[in-house]
Amino acid sequence: MNKTGIEYLDFTWNPIAMRCTKVSPSCDNCWHLRTADRLKENKKLPMDVRAAYAGDSGPVLVTSRLNDPLHRKRPAVIGVQFMGDLFHNDVKPEWISKVIESCISANRKQHKHTWVFLTKRPENILKWREWGKYQCPQVVAWFQHMAWMGVTAENQEQLEQRWEELKQIPASVKFLSIEPMLDEIDLFKADILYGGPCGGGGESGPIEYDVASLINWVICGCESGSKRRETKTDWVRFLKEQCTAAGVPFFLKQMAGKECKTGTGDRYLTDRVFSMPELDGKVWDQWPERK
């Protein structure tokens, strides 16, 4: 496992060597592909692993990595297969099950890790679950009770499409990763939040809302890298306000800005991406309840 700069994780664990493939606009400047390009040149890695990162072969299950979580004794938040996608079309269902079995083994040793899964292909989770009902029902049962399962959605189209599959998947926590945020997102239009005004307005004072949610957590962030596309602050604020109205924990991972403060309070201009920035005077680092 590797320490990670991903703000909501302690470690990433990538038991499968692979080169992911692009499926939507959020993939255009993917950091994973840049990392895979570097790893394919690493002569310390076995040839089959290097070929997998290069895309010259399919994914490779690196069996020596399967027991890595057992060596981490303190509870940690672990991102599973963030170097690629565990539910990629080319990943065998039996490999998915082996990876999840390793999660189960680690938690049986009282490590109590939190396992975070993120995909752009939730339809393949449904396929794996159907396969697993007969091949490994206990693994499927653990997944739906313990996994934190999320989908990436960079715009409204991808949100609505991927939510249709995610809402069918039982999981301990369901979440959205709106990163990179490439357009405004409306959770009501996607039928993730429902409800509306329940009173107030006019002489009665501010409008009050009775809003419920089908999602447990929302993560948001801008794109990074030299080809970064714009994420407007108003888009982020609108998403945050929807989450606040519904009582959904909101985690603002990163934003780009042109002005910041030094440690002495001096201001300077920049065009960098800031980790865990303030929005409306507050750092938004909310978490769902951990079970």
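A brief look at the structure comes next. Bear in mind that the values here come from a model prediction, so they are computed numbers and not experimental data. Residue numbers run consecutively from 1 along every chain, following the written order of its sequence. Reporting of local features is limited, given that this is a predicted model, to residues whose pLDDT is at least 70; pairs of side-chain atoms are given and counted only at 80 or more, and all residues count toward the totals for whole chains, interfaces and linings. Side-chain calculation: all heavy atoms of the structure are included, whereas hydrogens and water are not.

Let us now look at the overall build of the chain. Each helix and strand in the chain was counted, giving 7 helices and 15 strands. Per-residue accessibility, obtained with a 1.4 Å probe over protein chains only, is compared with the maximum for each type, and a residue is labelled buried under 20%, exposed over 50%, and partly exposed between these values. Burial analysis of the chain (291 residues in total) assigns 50% to the buried set. Note on contacts: a residue pair is in contact if any heavy atoms of the two residues lie within 4.5 Å. Sequence separation of at least 24 residues holds for 71% of the intrachain contacts in the chain that already meet a minimum separation of 6. A run of DSSP states H or I qualifies as a helix once it reaches four residues; a run of E qualifies as a strand once it reaches two. Both are numbered from the N-terminal end.

Next up on the list: helix H2 (residues 47-54). Those residues of H2 that fall on the buried side of the exposure criterion are Val 49, Arg 50, Ala 52 and Tyr 53. Seen from one end, H2 has its buried residues packed into an arc of 155°, which puts them on one side. Where H2 is buried, its residues meet strand E3 (16-17), helix H1 (31-39) and strand E4 (60-61). Just downstream of H2 lies Gly 55, where phi reads positive at about 85°. Working definition: the arc comes from the directions between the helix axis and the C-beta atoms, pointing outward to the latter.

This part is about the side chain of His 88. Here His 88 shows up in the loop between strand E5 (77-80) and helix H3 (93-108). Two N or O atoms count as a polar contact when they lie within 3.5 Å, although within protein this holds only if one can serve as hydrogen donor and the other as acceptor, and sequence-adjacent residues are included solely when both atoms are side-chain atoms. Of the polar contacts made by the side chain of His 88, one reaches the side chain of Thr 21; its length is 2.8 Å. At 3.0 Å, the side chain of His 88 and the backbone nitrogen of Asp 90 are in polar contact. Excluding residues within four positions of it along the chain, His 88 makes contact with Met 18, Cys 20, Thr 21, Arg 121 and Asn 124.

Structurally, Ser 26 is set in the loop between E3 and H1. Take Ser 26: its relative accessible area is 7%, and that puts it in the buried class. Those residues in contact with Ser 26, other than ones at most four positions away along the chain, are Lys 120, Thr 152, Glu 154, Pro 180, Leu 182 and Arg 229.

Ring pairs (aromatic) are described by centroid distance and by the angle formed between their planes. Pairing of aromatic rings covers Phe, Tyr and Trp, the last through its six-membered ring, and needs centres within 6.5 Å; plane angles under 30 degrees mean stacked, over 60 mean edge-to-face, and all others mean tilted. Inspection of the entire model under this criterion finds 13 aromatic pairs. Taken together, a centroid distance of 5.5 Å and an interplanar angle of 70° make the contact between Trp 128 and Phe 143 edge-to-face. One end of the pair, Trp 128, is in helix H4 (residues 122-135); the other, Phe 143, is in helix H5 (residues 137-146), with 15 residues separating them in the sequence. Under the relative-accessibility criterion, Trp 128 is labelled buried at 2%. Phe 143 sits in the buried class, given a relative accessible area of 0%. Members of the aromatic cluster, joined through ring pairs, are Tyr 8, Trp 148, Phe 175, Trp 217, Phe 251 and Trp 287. Lying over the aromatic face of Phe 11, Lys 3 brings its terminal NZ or CZ to 5.1 Å of the ring centre. We call a charge positioned over a ring when the NZ of a Lys or the CZ of an Arg lies within 6 Å of the ring centre and within 35 degrees of the ring normal.

For the rest of this paragraph, the subject is unusual backbone geometry. Working note: non-glycine residues mostly have negative phi, and peptide bonds are mostly trans. Omega for the peptide link from Glu 179 to Pro 180 comes to -5°, which places this bond in the cis form. By the element assignment, Pro 180 lies in the loop between strand E8 (173-178) and strand E9 (193-199).

Every axis in this analysis is a line fitted to C-alpha atoms, fitted for helices over the stretch in contact. Angles between the N-to-C directions lie between 0 and 180 degrees. The N-to-C vectors of H4 and helix H6 (residues 156-166) enclose an angle of 15°; their axes lie 8 Å apart at closest approach. Here H6 runs roughly parallel to H4, going by the angle between their axes. In this structure, H4 crosses over H6, and the sense of that crossing is left-handed. In contact with Pro 122, Glu 123 and Leu 126 of H4, H6 contributes Arg 162, Glu 165 and Leu 166. Polar here means any residue other than Ala, Val, Leu, Ile, Met, Phe, Trp, Tyr, Cys and Pro, which are nonpolar, and Asp, Glu, Lys and Arg, which are charged; Gly is therefore polar. Partitioned by chemical class, the residues of the contact of H4 with H6 number 3 nonpolar, no polar and 3 charged. Orientation labels follow simple angle bins: below 35 degrees gives roughly parallel, above 145 gives roughly antiparallel, 65 to 115 gives roughly perpendicular, and whatever is left gives oblique. What makes a crossing left-handed is the near helix being turned counterclockwise from the far one by less than a right angle; a clockwise turn instead makes it right-handed.

On their own, these measurements won't tell you what the molecule is for.
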